[in-house]
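Inside the fold
Residue strings, one per chain:
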Amino acid sequence: MTATVEPEVGRSRRRKEDARLITGRTRWTDNLTLPGLLHMAILRSPLAHARITSIDTSAAKDMPGVLAVVTGADLADEQGSLPCAWPITADMKSPGAPSMAVDQVNFAGEAVALVVARSAYEAADALEGIDVDYDELPVVLDMAAAVADGADLVHEDLGTNSSATWIFDSGEAGTGGDVEQAISSAEVLIERTFRQQRLIPAFMEPRSVMVDPTGEQLTMWSSTQVPHILRVMLAMTLSVPEHKIRVIAPDVGGGFGGKLQVTPEEVLTFLAARRIGKPVKWTESRSESLLAGHHGRDQIQKLTLSAKRDGTVTGLKVELLADMGAYLRLVTPGVPILGAFMFNAIYKFPAYRFVCTNVFTNKVPTDAYRGAGRPEATFAIERLMDELAAELGVDPMEVREKNWIKHEEFPFTTVAGLTYDSGNYEAATDKAKELFGYDALRAEQKERREKGDPVQLGIGISTFTEMCGLAPSRVLGSLSYAAGGWEHAAIRMLPTGKVEVVTGSSPHGQGHETAWSQIVADQLGVPFEDIEVLHGDTQSSHKGMDTYGSRSLTVGAMAVVQATDKVKAKAAKIAAHMLEASEDDVEFASGSFRVKGAGTEASGAKSVSIQDVALAVFAAHDLPDGVEPNLDSEATFDPENFSFPHGTHLCATEVDTETGRVTIRSYVCVDDIGKVINPLIVEGQVHGGLAQGIAQALFEEAVHDESGTLTTGTLADYLVPSAVDLPSFVTDRTESPSTTNVLGVKGVGEAGTIASTPAVVNAVVDAVRHLGVSDVQMPCTPMRVWQAIRTGRPDAGGLGAEAGGGLGSIDSSGGAR
Amino acid sequence: MRITVTVDGTKFTDEVEPRQLLVHYLRERLGKVGTVVGCDTSNCGACTVHLDGQSVKSCSVLAVQADGSEVTTIEGLARDGRLHPVQQAFHDNHALQCGFCTPGMIMQSIDLLADNPDPDEKAVREGLEGNLCRCTGYQNIVRAVRDAAGHMRGGAGPEAERVADASQPVGGGN
């Protein structure tokens, strides 16, 4: 029998997943079909706020190939209200959230009718035969105006646009002092207001749902990150017995939080298929995706940082307005709250207060987008540290070094009440500065300033940390989240010694099949190739909490490890019997059981491989008395703490002061994510994360006009960067193993996105600070930067706020240059 | 309208609606679902195929325009069970994560290499400008295309493939 010698963990294994993806043998939901499959299309409101006065569907019903036209009134009694799993306060105001509007629309893009037809073309054609009359209502778009007295209301019956106010105060919590005291006695006070623009996750695979109602179990295939959560929530929302629903997430083409949702379209496809009794599929267009899939970010951050003249920080006060959009989706209200524990970041603030007010507007709901609450927090604090340094006239790294937690101070309990288990900010920073050539770049910057170069050099720093690996169930409970944060896994030992790993994690591009195979190969001593990872189907993987919040490795893989421990414990009894030894005398290494001290196989000692045991269990002819013929095991792991990856990101930008154009000259990041399972996958996660964080800094924004119409409703207007818009990154790592899990791992999926945005904006501001600029609102478009240089105003407005304003490679007519 | 198209080496004759897009013809009539639709404004390039040897975005071509032509999709690249060097390079260099953009990205990369067998980083980035990827940040895609270029030079076929060194250091650009 083969046994692995070199450990799999730590190897840059090429991914198992690739074989099907590079040859087109994929199972995207939209690739699937069923006998008699029908197609659904959705009519969406063009208005952001209006009463529906009438809907005439008669012409559409007469069109060829049309089986059904359904309105909100038709579904009112069965559609329920879309779930929100995170009521952040006891008095949180939450409107009913119908999947299809019944008598009022609250954002442009909300579903008002659906058509089911023989073909997708016929369904789309029939939408034009539906006539909807609306009475327009005043549109609420601006958060500050929405919470002012006498504001127009999104939901009249709630009596306010404020959904909830959530407060953390270190004085009250006993984790620190009183921030007002710190502010009143401050030697230096930095007050800033930053804007986190609205973003769109823009996963590459448009969402798609197919429902087959013809079996005993109603089966839904969906392009989702959360098949398990979806199943439970469908059952609870629609009052369908849970055991009568099966959810499958086949190949899923990216999510980034955008597919962490129970969507109106999933419910509508379910209801349409059930109504007609035939399989129905809905696949969105890109425009629909940008318009109606949930958005992310969208905060106004009012910040006050107090410090001593020597640079020591003494207090931090955060006052947020967070845009919920028109409804509270699955975790909408909780997203800004995930940031509450991260504004203090790696710094030793003695006093901290966080107040967040969640606000309704007539826009599509916001919800999770890569980082979810933590990028917003990291941006705010890392921008503030640069502002503090500028105020004090010192290098921005100096104020960071002065205030960060020293490596010998771990574990460290922060002013927000979290205990960071491990980290070494000094080591990551030293390595990053060296790779970046920090001192040489500072010297060049000085030289270019002195000679008045029209292209100025800026250096941006982000010494970030984040909390991920969501999450200890008790902590989620204390935050009023409706579910736990555990994960489940099972190991099936097949008679021939091959292994099936069942995981509750639900990959959508990360590479779990490869990474889980590496972990199990080491744990059980079986070859990497002999392992199959099963996921994303509630029938085979019956239990799970799915994939988001950089949780798969730190929670999901830990469940896998625990399940392998149980397999080995069961196998040890049988192996001891086969070796005619006492269980206590048997040890397991490299896939085989041996009698302790009996020497190696080479020296003639007997051994029994785990594959031998699997076959013996299958035969079950000669097992010890009372031993069940079964090695299969399962485990559910609940983490004891979050994981706290950190790193130092350094960005050098060149800013053309005559055009406002920003070019990233170099980007170096040194991340510490603890132990690494597969360096190649980690590198890919970091690259992609950086791209999304940089895109927020420079390119992307969901823009609405004054009537609430999304003007960035295509990929020509919503500027997902292309290859020419991004630089090559230099990535490296330091390694402070996590002390809260046996693998020593931390999350990596969101780190690059969380870290990079402030590094880039700090670099932009640093390039032009000597010209009187202290902030540039994101995205730092050429127009905004140019205006800021000319006027000192960070918000600039004007052309920079238009759709398509951000990307240098797109000209004003929308074409490529 | 009746059209005859050769797709991945097989000839098909079909009646199609004049308005049907080539990508929908490929996916829905021929079952060539390896080619995918990522947008509706020809920005993303996920649907890229080769039409008579040139890359096209098949969401921007009508099926009737392909009448009499040869179409190659991602499903027609491998020969005798062996991957095309560009497919292999995408695997070797971890140039994909979710893989949704990958078919189009590979087809465009092959077209790019046909025009320029030895592109530098800038040329690769510019050549792939019409194909969006949300996962990788493009760095490993650029690396893969340049790696493939190395393998395809001098008539090197799939036999000449090497598996890239698994212990290559993290980072450091391309």
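Analysis parameters
- Residue numbering note: each chain is counted from 1, following its sequence as written.
- Working convention: letters from A go to chains and numbers from 1 go to ligands, in the order in which they are written.
- Reporting in this predicted model follows two pLDDT cut-offs: at least 70 for local features of residues, and 80 or more for side-chain atom pairs to be given and counted; totals over whole chains, interfaces and linings ignore these cut-offs and use all residues.
- Strands here mean DSSP runs of E at least two residues long; helices mean DSSP runs of H or I at least four residues long; both are numbered from the N terminus.
- By the criterion used throughout, residues are in contact when their C-beta atoms, derived from the backbone, lie within 7 Å.
- For two strands to pair, DSSP has to find at least two bridges joining them.
- Note on definitions: angles span 0 to 180 degrees between N-to-C directions of axes, and those axes are lines fitted to C-alpha atoms, for helices only across the stretch in contact.
- For the purposes of this analysis, a nonpolar core is taken to be any set of buried Ala, Val, Leu, Ile, Met, Phe, Trp, Tyr and Cys residues that are connected through C-beta atoms within 7 Å.
- Burial is judged by counting the other C-beta atoms within 10 Å of a residue's own C-beta: 20 or more makes it buried, 12 or fewer makes it exposed, and any count in between marks it as partly exposed, with every C-beta position built from the backbone.
- Any residue that is not Ala, Val, Leu, Ile, Met, Phe, Trp, Tyr, Cys, Pro, Asp, Glu, Lys or Arg is counted as polar, Gly included; the first ten are nonpolar and the last four charged.
- By definition in this entry, angles of less than 35 degrees are roughly parallel, angles greater than 145 are roughly antiparallel, angles of 65 to 115 are roughly perpendicular, and the rest are oblique.
- In this scheme the handedness of a crossing depends on how the near helix is turned from the far one: anticlockwise by less than a right angle means left-handed, clockwise means right-handed.
- Every residue carries a pLDDT, the predictor's confidence in it, which falls somewhere between 0 and 100.

**Remarks on the overall build of chain A**
- From N to C terminus, chain A includes 22 helices and 28 strands.
- Its C-alpha atoms give chain A principal-axis dimensions of roughly 85 × 75 × 55 Å.
- Restricting the contact set of chain A to residue pairs at least 6 apart, pairs at least 24 apart contribute 79%.

**Details of the sheet that holds strand 24 (residues 607-609) of chain A**
All names here are of chain A.
- An order of 22-23-24 is seen for the three strands of this open sheet, with the pairing classed as antiparallel. Of all the strands in the sheet, just strand 22 (586-589) and strand 24 have a single pairing partner and so form its edges. Neighbour-to-neighbour, the strand axes of the sheet open up by a mean angle of 25°, direction not taken into account.
- Here three bridges tie strand 23 (residues 592-595) to strand 24, and the two strands are oriented antiparallel to one another. For Ser592, the partnering residue across the bridge sits in strand 24 and is Ser609.
- Where helix 18 (residues 552-578) meets the sheet, its contacts fall on strand 22, strand 23 and strand 24, and the angle it forms with strand 22 comes to roughly 125°.

**What about the nonpolar core?**
All names here are of chain A.
- Grouped together as the largest cluster of nonpolar side chains are 304 residues, with contacts concentrated most on Leu114, Val116 and Val764.
- Per element, the largest residue contribution to this core is 12 residues, and it comes from helix 18.
- Excluding residues within four positions of it along the chain, Val764 makes contact with Gly458, Thr653, Val655, Val662, Val776, Cys780 and Val785.

**Some points on the pairing of strand 2 (residues 10-15) of chain B**
All names here are of chain B.
- In terms of burial, strand 2 is a largely surface element, zero of the six residues being buried.
- As paired strands, strand 1 (residues 2-7) and strand 2 are joined by six bridges and run antiparallel to one another. From the neighbouring strand, Val7 faces strand 2, where its bridge partner is Thr10.

**Thoughts on the interface of chain A and chain B**
- With 50 residues of chain A at the interface, the matching set in chain B holds 53 residues.
- Among the secondary structure elements, those contributing two or more residues to the side of chain A that touches chain B are helix 1 (18-21), helix 10 (286-292), helix 20 (679-698) and strand 28 (729-734) of chain A.
- The element contributing the most residues to the side of chain A that touches chain B is helix 20 of chain A, with eight residues.
- Class assignment for the residues of the side of chain A that touches chain B results in 20 nonpolar, 20 polar and 10 charged.

**Looking at the packing of helix 12 (residues 374-392) of chain A against helix 21 (residues 751-768) of chain A**
Residues and elements named next belong to chain A.
- For the pair helix 12 and helix 21, the least separation of the axes is 8 Å and the interaxial angle reads 30°. By the criterion of interaxial angle, the relationship of helix 12 to helix 21 is roughly parallel. Our pair here, helix 12 against helix 21, has a crossing hand that is right-handed. For the pair formed by helix 12 and helix 21, the contact residues are Arg374, Pro375, Thr378, Phe379, Glu382, Arg383 and Asp386 on the first element and Thr753, Ile754, Ala755, Thr757, Pro758, Val761, Asn762 and Val765 on the second.
- Here the residues of the contact of helix 12 with helix 21 are counted per class, giving seven nonpolar, four polar and four charged.

**Quick look at the packing of helix 2 (residues 85-92) of chain B against helix 5 (residues 139-152) of chain B**
Residue and element names in this part refer to chain B.
- Packing of helix 2 against helix 5 leaves a shortest axis separation of 8 Å and a crossing angle of 135°. Looking at the two axes, helix 2 sits oblique to helix 5. When you trace helix 2 past helix 5, the crossing you get is right-handed. Counting all contacts with helix 2, which are made through Pro85, Val86, Ala89, Phe90 and Asp92, the residues of helix 5 involved are Ala144, Asp147, Ala148, His151 and Met152.
- When grouped by side-chain class, the residues that make up the contact of helix 2 with helix 5 number seven nonpolar, one polar and two charged.

**Considering the environment of Asp52 of chain B**
Residue and element names in this part refer to chain B.
- One can find Asp52 in the loop between strand 3 (48-51) and strand 4 (54-57).
- Using a count of 12 C-beta atoms within 10 Å as the deciding quantity, one classes Asp52 as exposed.
- Taking C-alpha positions, Asp52 is 9.6 Å from Gly68, a pair spaced 16 residues apart along the chain.
- Leave out the neighbours within four places in its chain, and Asp52 touches Ser69 and Glu70.

**Thoughts on the pairing of strand 5 (residues 111-117) of chain A**
Residues and elements named next belong to chain A.
- In terms of burial, strand 5 is a largely internal element, seven of the seven residues being buried.
- Direction of pairing for strand 3 (residues 66-71) relative to strand 5: antiparallel, over a ladder of five bridges. Counted as the bridge partner of Ala68 is Val116 from strand 5.

**A closer look at the confidence of the model for chain B**
- When pLDDT is averaged along chain B, the result is 90; 88% of the residues meet or exceed 70.
- The model gives residues 156-174 of chain B a pLDDT under 50, and that stretch makes 33 contacts with residues more than four places away or in other chains.

**Some words on the environment of Ile459 of chain A**
- Within the secondary structure layout, Ile459 of chain A lies in strand 18 (residues 455-465).
- Each residue touching Ile459 of chain A, except ones within four places of it in the same chain, is listed here: Leu441, Arg442, Gln445, Leu650, Ala652, Ala763 and Asp766 of chain A.

**Some words on unusual backbone geometry**
- Here the residue pair Phe410 of chain A and Pro411 of chain A is connected by a cis peptide bond, since its omega of -10° sits within 30 degrees of zero.
- Mapping Pro411 of chain A onto the fold places it in the loop between helix 13 (396-403) and strand 16 (412-413).
- Geometrically, the link from Leu470 of chain A to Ala471 of chain A is a cis peptide bond, its omega value of -5° lying close to zero.
- For Ala471 of chain A, the position within the fold is in the loop between strand 18 and helix 16 (473-478).
- Of note, Ser42 of chain B is a non-glycine position whose phi angle comes to about 55°, a positive value.
- With respect to the helices and strands, the residue Ser42 of chain B is situated in the loop between helix 1 (22-29) and strand 3.
- Classification of Ser42 of chain B as partly exposed rests on a count of 19 C-beta atoms within 10 Å.
- The backbone of Tyr138 of chain B shows a phi angle near 75°, a positive value even though the residue is not glycine.
- On the secondary structure map, Tyr138 of chain B appears in the loop between helix 4 (121-127) and helix 5.
- Taking the number of C-beta atoms within 10 Å as the measure of exposure, Tyr138 of chain B has 28 and is therefore buried.

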